[in-house]
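# Residue-level structural notes
Spelled out, the chains give:
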Amino acid sequence: MNILAVGAHPDDVETMCAGTLAKYASLGHKVFIATATNGDIGSATLPMEEIGRIRKQEAANSAAIIGAEYICLDYHDEMFFEEPRKTRLDFINLVRHCKADVIFTHYPEDYNPDHELTGKIINDIAVMIPIAKLETEEPPYDVIPSIWYFEPSCSMRFVPTDYVDITDFYDTKMKMLNCMESQRAWMADNYASMRGDEDRFFDTIRITSEFRGMQAQCKYAEGFVRALDGMRTRMTERVLP
Ligand SMILES: [Zn+2]
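Read on for a plain summary of the structure. Remember, predicted model here, so these are calculated numbers, not experimental data.

### Quick word on the coordination of the zinc ion
- Binding of the zinc ion to the protein goes through H9 (ND1), D12 (OD), D12 (OD) and H115 (NE2), at separations of 2.0 to 2.5 Å.
- Between the four donor atoms coordinating the zinc ion, the angles at the centre fall across 55 to 132 degrees, so the site counts as irregular.
- Along the chain, the residues that donate to the zinc ion are spaced as H-x2-D-x102-H.
- Since its relative accessible area comes to 5%, H9 is described here as buried.

Listed below in structure tokens is the structure:
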């Protein structure tokens, strides 16, 4: 299968589903990681263009660890709005490029508008992938991908419907997150729960992985909610690794 994970910013996908992506890759599936924005407000000191370039490189380095391809749609961080026609077509083209069978993206309720919009657009366009009249550079293909939401930031109001045991892939997930070097200080400066402690970000990932592991009865797990898409996807299909 072809697996696509779409986040709003470089580091979203790594935080919430890198273990699952690493597991897919180890089973021989083709994995793609994409971001809607280039993360170009993610530094208090560097110019936007420079931090955007750095974060794309960090995301590409992270993807390379599991042999995944990284794609950035290059919208501006926190200034991501749905433009008529363009945004849907950009996302349709992305999914067609990856010929995705399964897509992971943001849960509909999240603190960040870029996250919510990214998840919404993926959910909106899934049914349009095979429609030839919606022309994009990449040709249509005859699959409507199955969509899975990963955890929102701080897991608020999120109750997984399914779990993936990532115990054997937890170290790989942390290696991928380690690539996001530019964001450690940024997070410690900007989020109250991590204030002044650059390692706190990694603690939050471990705590979440252990908590979901406790629920799933393994050491580390990632939790997901399957999008309710009975009209377009075979809900009986078991696609999680
Ligand atoms: Zn984000």
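From this point, the discussion proceeds with the structure in view.
### Structural notes on the sheet that holds strand 6 (residues 162-165)
- Taken in spatial order, the seven strands line up as 3-2-1-4-5-7-6 in an open sheet, and their pairing is mixed. Every other strand in the sheet has two partners, leaving strand 3 (69-75) and strand 6 as the edge strands with one partner each. Averaged over all neighbouring strand pairs, the angle between strand axes comes to 25 degrees, with direction disregarded.
- Inspection of the sheet shows strand 1 (residues 2-7) paired to strand 4 (residues 102-106) by three bridges, in the parallel sense. Bridge pairing in strand 4 links A5 to F104.
- The strands touched by helix 4 (residues 113-125) are strand 1, strand 2 (30-37), strand 4 and strand 5 (146-150); relative to strand 4, the strand with the most contacts, the crossing angle is about 150 degrees.
- In the packing of helix 7 (residues 200-216) onto the sheet, the strands contacted are strand 6 and strand 7 (221-226), and the crossing angle to strand 7 comes to about 75 degrees.

### Side note on the environment of Y149
- Relative to the helices and strands, Y149 resides in strand 5.
- Separated by 78 residues in the primary sequence, Y149 and A227 have C-alpha atoms spaced 6.8 Å apart.
- Sequence-distant contacts of Y149, defined by excluding residues within four places in its chain, comprise T105, H106, Y107, P108, N123, F158, G223, F224, V225 and A227.

### Quick word on the pairing of strand 5
- Most of strand 5 is tucked away, with five of its five residues classed as buried.
- Of the two faces of strand 5, the one holding S146, W148 and F150 and the one holding I147 and Y149 are both buried throughout.
- Of the strand pairs in this sheet, strand 4 and strand 5 are connected by five bridges, and their pairing is parallel. Pairing of T105 across the sheet is with Y149, part of strand 5.
- Running through helix 4, the crossover from strand 4 to the neighbouring parallel element strand 5 is right-handed.
- Here strand 5 pairs with strand 7 via two bridges, running antiparallel. Bridge pairing in strand 7 links W148 to R226.

What counts as what
- Residues numbered from 1 in each chain as written.
- Predicted model: local features only at pLDDT ≥ 70, side-chain atom pairs only at ≥ 80, totals over all residues.
- Heavy atoms only, no water.
- Donors = N, O, S within 2.8 Å, 3.2 Å for Na, K, Ca; no water.
- Tetrahedral: all angles 85-135°; square planar, octahedral: opposite > 155°, others 65-115°.
- Buried < 20%, exposed > 50% of the residue type's maximum accessible area, 1.4 Å probe, protein only.
- Pairing = 2+ DSSP bridges.
- Helix = DSSP H or I, 4+ residues; strand = E, 2+ residues; numbered from the N terminus.
- Axes fitted to C-alpha atoms, helices over the stretch in contact; angles between N-to-C directions.
- Contact = heavy atoms within 4.5 Å.
- Right-handed = clockwise from strand over helix to strand, strands pointing away.

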